[in-house]
Amino acid sequence: MKQKIIVVTLLVLIMLSALPVFAAEDLSLEKAVKKAVLQNRQLENARYEISSAEKDIDLTIRSYYPTVDLKTSFTKLDEGQSTINPKAIIAGDDSSLIMETPDENYSTSLTLTQPIWLGGKVSLNKKIATYALEITKANYEQQEEETIFNVIQAYYGVLQAEGMVDIRKEALDIINDHLNLVQKNLKAGLVIKQDLLQTKIEKHKAEEELTAAENDLTIAHKRMVQLLAERKEYNLTQPENVPAGELQENKLFSTALENRSELLAMELNKKLIETRKELNANPYRPQISLKGSYEWEDDEFLGDDGWSVTLGGSIPLYDAGKAGIEGEKEDLALEKNQNSQKELIESIRIDIKDSVLSVEQAHEMMELEKLSLENASENLALANKSYIAGVGTNTGVTDAQANYRQAQISLLQAEYSYEIELFRTLYRTGQLSEYFKEVI
C-alpha cells in the first residue's frame, strides 16, 4: 500500500513539473503608458463623452428634418345629438331638417411638418454644439495627460518599492554575516553577550523592515495595474530614456501657454458663451413651417377623408424681459471665465518656476547622496575591520550599518525623484502626450 502511495505521489510530482510555467510579462514605461491610454476606465468614459458630443451636433442639424405624426381617437357618447341638417335646408326638405348624429366617432389624422425657417437658431445651436465638442476633446487631452503622469508616478513607485526590498534584503544579509561573526567571537570569549543580544535585535528589526518593504511593493504594484485596468503580474524595466534636464523658465512658460488643454478649453468656452448670448439676446426670431395633413373622421374607422396644406409663421412679440436677463447672465459667465483664465495662467507660471527649482534641487540632492553613500560604505568597511581587530564596538558596527542603509535609501529616492520631476515638467507644460506619441 505504501509503495502505491509513493508511486502515485511521484506521478503527481512529475505531472506538476511538466506543466508550463508562465513568467510575468516584462513591462516598460512606454508599454504601461500605452496600456493605460487604451484601457484606463476614466479615459474610456471620456471617449464616450466625445461620441455623445458629436451626436449633439447631429441633433441640431436634424431640427430642419421633417416630422410625421399619426393621431387617432375614438369617442363614445351617451346618445346621439340632434342637429340641423344643412343639406335639408339647401334641398328645402322640412321633413329631414333635424337629424340625429351618431353616438360614436372615429378621428384619425396623418400630419407632416416641414420647418422652413427657424430664425437662425439651427446654425447658432450647431455652432454651440461644435464648441462643446471641442471643449470635450480638450478635456480629454487634459485627462490623458493626467493619466499618463499618474502611470509614470505609479511605475516609479513600483521601481522604488522594488529597490527598497533589495536594500532591505542586503541589510539583512549584512546583519546575518555580522551575527555569525559575533557568535564566533562570543564562543572564543572575545566579545560580551550584550553584543549578541544587540545584533539579534537589529536582525529582528531588519526582518520587519523587509516584510514592510515587501508589503509596500505589493500595494504599489496593485495601484499601478489598477491604472491599466488589468489584473496581471509584471516585471518592470528601468526606463531607458528620460526627458532632458535642460530647463529655461521663459521657454517652458511659453510652451505651457501653447499646449495646456485647460487654457484651450477656457478659450473655447468663451466663444461658446458669446454664441449662446447671441442666440438668447434676440427672442424675436420668426419661424416658418409647412404642414400637410390627411384626416379621417366619421362614425366608422377611416370614414370620410380630407386633406389640408398649411403654410404658417409665427414671431414672438414680448418675452417679459427674459432675453435681457439671459444676456446679463452670459456677461457674468464671461467675466467668470476671464477670471478663471487669468488665475490659471498665474498658476501655470508658478508651477513652471516650481518645476525648474525642483529639478535643480533634485539633481543636486542626487549628487550629494552619491557622495553620502560612498562615505557610508567606507565607514561601514572601517567599522567592520575595527570590530574584527578588537578596537571597535558592536554599537559602532550597527550604527555604520544603519547609516549605510539610510544612504542607500536616500540615493534611491533622490534618483527616482529627479526623473519624476523631469516628467512633471513635461506634464506642467502639456507635453506628455507628445513625448509618448509613438506609443499612443
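What counts as what
Residues numbered from 1 in each chain as written. Predicted model: local features only at pLDDT ≥ 70, side-chain atom pairs only at ≥ 80, totals over all residues. Heavy atoms only, no water. Helix = DSSP H or I, 4+ residues; strand = E, 2+ residues; numbered from the N terminus. Buried < 20%, exposed > 50% of the residue type's maximum accessible area, 1.4 Å probe, protein only. Contact = heavy atoms within 4.5 Å. Areas by Shrake-Rupley, 256 points an atom, 1.4 Å probe, with all protein chains shown as cover. Core = buried A, V, L, I, M, F, W, Y, C linked by side-chain atoms within 4.5 Å. Axes fitted to C-alpha atoms, helices over the stretch in contact; angles between N-to-C directions. Parallel < 35°, antiparallel > 145°, perpendicular 65-115°, else oblique. Left-handed = near helix turned anticlockwise from the far one by under 90°. Nonpolar A, V, L, I, M, F, W, Y, C, P; charged D, E, K, R; others polar. UniProt positions renumbered as here; feature names shortened; annotations may be inferred. Patch = residues over 30% accessible without salt bridge, like charges linked within 9 Å, V, L, I, M, F, W, Y side chains within 5 Å. Salt bridge = Lys/Arg side-chain N within 4 Å of Asp/Glu carboxyl O. Lys, Arg positive; Asp, Glu negative; His and termini not counted. Charge placed at Lys NZ, Arg CZ, Asp CG, Glu CD. Phe/Tyr/Trp six-rings, centres within 6.5 Å; stacked < 30°, edge-to-face > 60°.

### Looking at the overall build of the protein chain
- A count of helices and strands for the protein chain gives 11 helices and 8 strands.
- Taking all 440 residues of the protein chain together, the buried fraction comes to 34%.
- Within the protein chain, contacts between residues at least 6 apart in sequence are counted, and of these 81% link residues at least 24 apart.
- A total of about 27,600 Å² of accessible surface is found on the protein chain, and carbon and sulfur atoms cover 54% of it.

### So, the nonpolar core
- Of all hydrophobic cores here, the largest spans 46 residues; its most connected members are Met224 and Phe423.
- Where this core is concerned, the elements lending two or more residues are helix H2 (29–39), helix H3 (41–61), helix H5 (121–187), helix H6 (193–227), strand S6 (234–236) and helix H10 (394–428).
- With 18 residues, H5 is the largest single contributor of residues to this core.
- Of all hydrophobic cores here, the second largest spans 20 residues; its members include Leu196, Ala376, Ala407 and Tyr418.

### Focus: the packing of H5 against H6
- For the pair H5 and H6, interaxial distance at closest approach is 8 Å and the crossing angle is 165 degrees. The angle between the axes of H5 and H6 places the two elements in the roughly antiparallel class. Two packed elements cross with a definite hand, and for H5 against H6 that hand is left-handed.
- Grouping the constituent residues of the contact of H5 with H6 by class yields 20 nonpolar, 7 polar and 12 charged.

### Considerations on the UniProt feature "coiled-coil region" (unreviewed entry) in the protein chain
- Annotation from UniProt places "coiled-coil region" (unreviewed entry) at residues 196–223.
- Overall, residues 196–223 shows 100% helix and 0% strand. The separation of its end C-alpha atoms is 41 Å.

### A word on H2
- The complete set of buried residues in H2 reads Leu29, Ala32, Val33, Lys35, Ala36 and Val37.
- Here the buried face of H2 lies against strand S1 (25–27), H3, H5, H6, S6 and H10.

### Notes on a negative patch on the surface
- A contiguous patch of negative charge, built from Asp166, Glu170, Asp173 and Asp177, is present on the exposed surface.
- Its place among the elements puts Glu170 in helix H5.

### A closer look at the packing of aromatic side chains
- Counted according to the given criterion, the structure contains 7 aromatic pairs.
- On the basis of an interplanar angle of 65 degrees and a centroid distance of 4.8 Å, the ring pair of Tyr294 and Trp296 is categorised as edge-to-face.
- Every member of this aromatic cluster is reached through a ring pair, and the members are Tyr156, Tyr416, Phe423, Tyr435 and Phe436.

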